[in-house]
Amino acid sequence: MAIRANPRLVEELEHYGAEDVAKCYHCGNCSAVCPFSREPFLFPRKSMRYLQMGLEEKLLGNLEPWLCYYCGECSEECPREAEPGETMMSMRRWLTSRYDFTGISKLFYRSWKAELAAILLVALLTGAGFLLFGFRWGGGHLGVYAGEGAFLTTGAVHVFDWILGCVLAAFLGINCARMWWFSIGKDRTLRIPPLAYLRQAFLLPVHFFTQKRYAECGKKRPWAIHLALMLSYTTMLVLIMFFLHAMHSERTVWAAHGFGYLATIGLLGTSIYALRGRIRKEETHYKHSHETDWIFLILLVFVAGTGILQNVLYRVFHLDVAANVVYVVHMMGVVPMLGLEVPFSKWAHLAYRPLAMYFSELQAEAIRERERAVAAAGAPLPA
Ligand code: SF4
Ligand code: SF4
């Protein structure tokens, strides 16, 4: 089958943060130093090649950008300063936009103004909706934060959270299915038995909860920061989805609030650390920042900060009116962060990265099996 090339692919990836791709002359230094580059996934040189040659379909089915954890070794060793590490990052953004069937992700990555406008619009709608509910339908009072007569009843907020969670899970689920189709489903040369999917399924929680591959890159601090951020975020999500009543209880429920405080400190501390890193640009993986990186971090700081403030106002100073106002403001950050960032922007990698680990293992097994079969038959390997 003829392979079509897209001569504007490099230009397209530049919208996603790729720089200096044309400088690469394929010496292979980057693949030699990359701690994760091993058969059958030799990167980043091969991905740079796909990009330079405009092999869009190959790049779309390529899981290698997700196997890169941006340790920066390759960029440091590149004699041409072709920035392979940042190019892999830009490929992850591009892939995210291509997995997304709605086109929203593409719009956000290509125009930060569009992303910001969408966030502001969703924030304003959320604020208006919550105020309307509190004043008109909820039957509560602005002067009551928790318990009977509360301005925002926990039950109503909980229902809202679950509806939002289901909608974003549906979007993300479809995008994950598309990722499978592009990387595995479309490839007629790969035969993966259903049992292999089951046998390797343990890789999903392992890579999601430990990100252990990141720890193998030799730089422990970025791994620890990333892990703390991810665990804080997951803890907060679990508390909101399953323990909201305890979180909003009038009395302190330490089993829930203790985890809540830890998660908030984790979210705030790691996002401030990342913001500082991006401002200082001392570490290779913080040298280049796409607009979406800033929006994501600022949103995180905003959500964590208003979450803390709301708790302090209610639990320390007993200022119910102020706590309710900050609660509405907090939700104006939470809803766009969950509703827009998770399925369409940077947060989507929480799902794509472990999936890529899982799919790549299935691919590797299938490739080894295919090579064994071809060798046994004495036929040449497919190109
Ligand atoms: S990106 Fe740099 S190190 Fe890698 S193959 Fe190209 S020139 Fe060599
Ligand atoms: S940034 Fe690190 S993990 Fe990513 S391709 Fe380069 S060397 Fe490999």
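Residues numbered from 1 in each chain as written. Chains lettered and ligands numbered in written order. Predicted model: local features only at pLDDT ≥ 70, side-chain atom pairs only at ≥ 80, totals over all residues.

## Remarks on unusual backbone geometry
Only a minority of non-glycine residues have a phi that is not negative, and only a minority of peptide bonds are not trans. So the rule is basically this: Put simply, DSSP H or I for four residues or longer makes a helix, DSSP E for two residues or longer makes a strand, and each gets a number counted from the N terminus.
At the junction of E39 and P40, the peptide bond is cis and its omega measures out at 0° in the coordinates. By secondary structure assignment, the location of P40 is in the loop between α2 (29–33) and α3 (45–53). The residue after F43, namely P44, is reached through a cis peptide bond having omega 10°. As for its placement among the helices and strands, P44 is situated in the loop between α2 and α3.

## Observations regarding the packing of helix α12 (residues 203–210) against helix α19 (residues 349–377)
Rules: Lines fitted to the C-alpha atoms define the axes, with helices restricted to the stretch that makes contact. Angles between their N-to-C directions range from 0 to 180 degrees. Orientation categories follow fixed angle ranges, with anything under 35 degrees roughly parallel, anything over 145 roughly antiparallel, 65 to 115 roughly perpendicular, and all other angles oblique. Should the near helix be turned counterclockwise from the far one by less than a right angle, the crossing is left-handed, whereas a clockwise turn marks it as right-handed. By definition, residue pairs are in contact when their C-beta atoms, positioned from the backbone, come within 7 Å. The residue classification treats Ala, Val, Leu, Ile, Met, Phe, Trp, Tyr, Cys and Pro as nonpolar and Asp, Glu, Lys and Arg as charged. All others, Gly included, are polar.
Relative orientation of the contacting elements α12 and α19 amounts to 140°, with a least axis distance of 8 Å. For the element pair α12 / α19, the angle class is oblique. α12 and α19 meet at a crossing whose hand is right-handed. Residue-level inspection shows L203, L204, H207 and F208 of α12 in contact with α19, the latter providing R353, P354, M357, Y358 and E361. Split into classes, the residues belonging to the contact of α12 with α19 amount to 6 nonpolar, 1 polar and 2 charged.

## Observations regarding the domain arrangement of the protein
How big an interface is tends to be expressed through the accessible area that disappears when the partners come together. The cut-off we apply is this: Segment limits for the domains were obtained from an automatic or database-derived domain assignment.
When the domains of the protein are assigned, the result is domain 1 (9–99) and domain 2 (104–361). At the junction of the two partners, domain 1 supplies 24 residues and domain 2 supplies 29 residues. If you list the elements that add at least two residues to the side of domain 1 that touches domain 2, you get α5 (64–67), α6 (73–77) and α7 (84–99). Counting residues per element, the side of domain 1 that touches domain 2 draws most heavily on α7, at 7 residues. Grouping the constituent residues of the side of domain 1 that touches domain 2 by class yields 12 nonpolar, 8 polar and 4 charged.

## Considering the site of ligand 1
Filter applied, for reference: The criterion for a residue being near a molecule or strand is a backbone-placed C-beta atom within 6 Å of that molecule or strand.
Every one of the 13 residues lining ligand 1 counts as a neighbour, but C24, C27, N29, C30 and C78 are closest to it. Of all the secondary-structure elements, those providing two or more residues to the shell around ligand 1 are α2 and α3. Among the residues forming the shell around ligand 1, the class breakdown is 8 nonpolar, 3 polar and 2 charged.

## Observations regarding the site of ligand 2
Near ligand 2 there are 16 residues, and of these C34, C68, C71, C74 and G85 occur at the shortest range. Take the shell around ligand 2: its biggest share by element is 3 residues, from α7. Split by residue class, the shell around ligand 2 holds 13 nonpolar, 2 polar and 1 charged.

## Describing the packing of helix α10 (residues 154–185) against α19
Two numbers describe a pair of packed helices, the interaxial angle and the distance between the axes. Closest axis-to-axis distance for the α10/α19 pair is 11 Å, and the angle between their directions is 30°. Judged on the interaxial angle alone, α19 and α10 are roughly parallel. Crossing angle aside, the handedness with which α10 passes α19 is right-handed. Mapping the contact onto sequence places L172, C176, M179, W180, S183 and I184 in α10 and A351, Y352, L355, F359, L362 and Q363 in α19.

## Quick word on the environment of A263
The condition is simple: Between the buried cut of 20 or more and the exposed cut of 12 or fewer other C-beta atoms within 10 Å of a residue's own C-beta lies the partly exposed class, and all C-beta atoms are placed from the backbone.
Position of A263 relative to the elements: it lies in helix α16 (residues 254–280). On the neighbour-count criterion, A263 (23 C-beta atoms within 10 Å) is buried. A sequence separation of 30 residues divides A263 from Y233, and the C-alpha atoms of the two residues are 6.7 Å apart. If near-sequence neighbours (up to four positions away) are discounted, A263 is found in contact with S232, T235 and M236.

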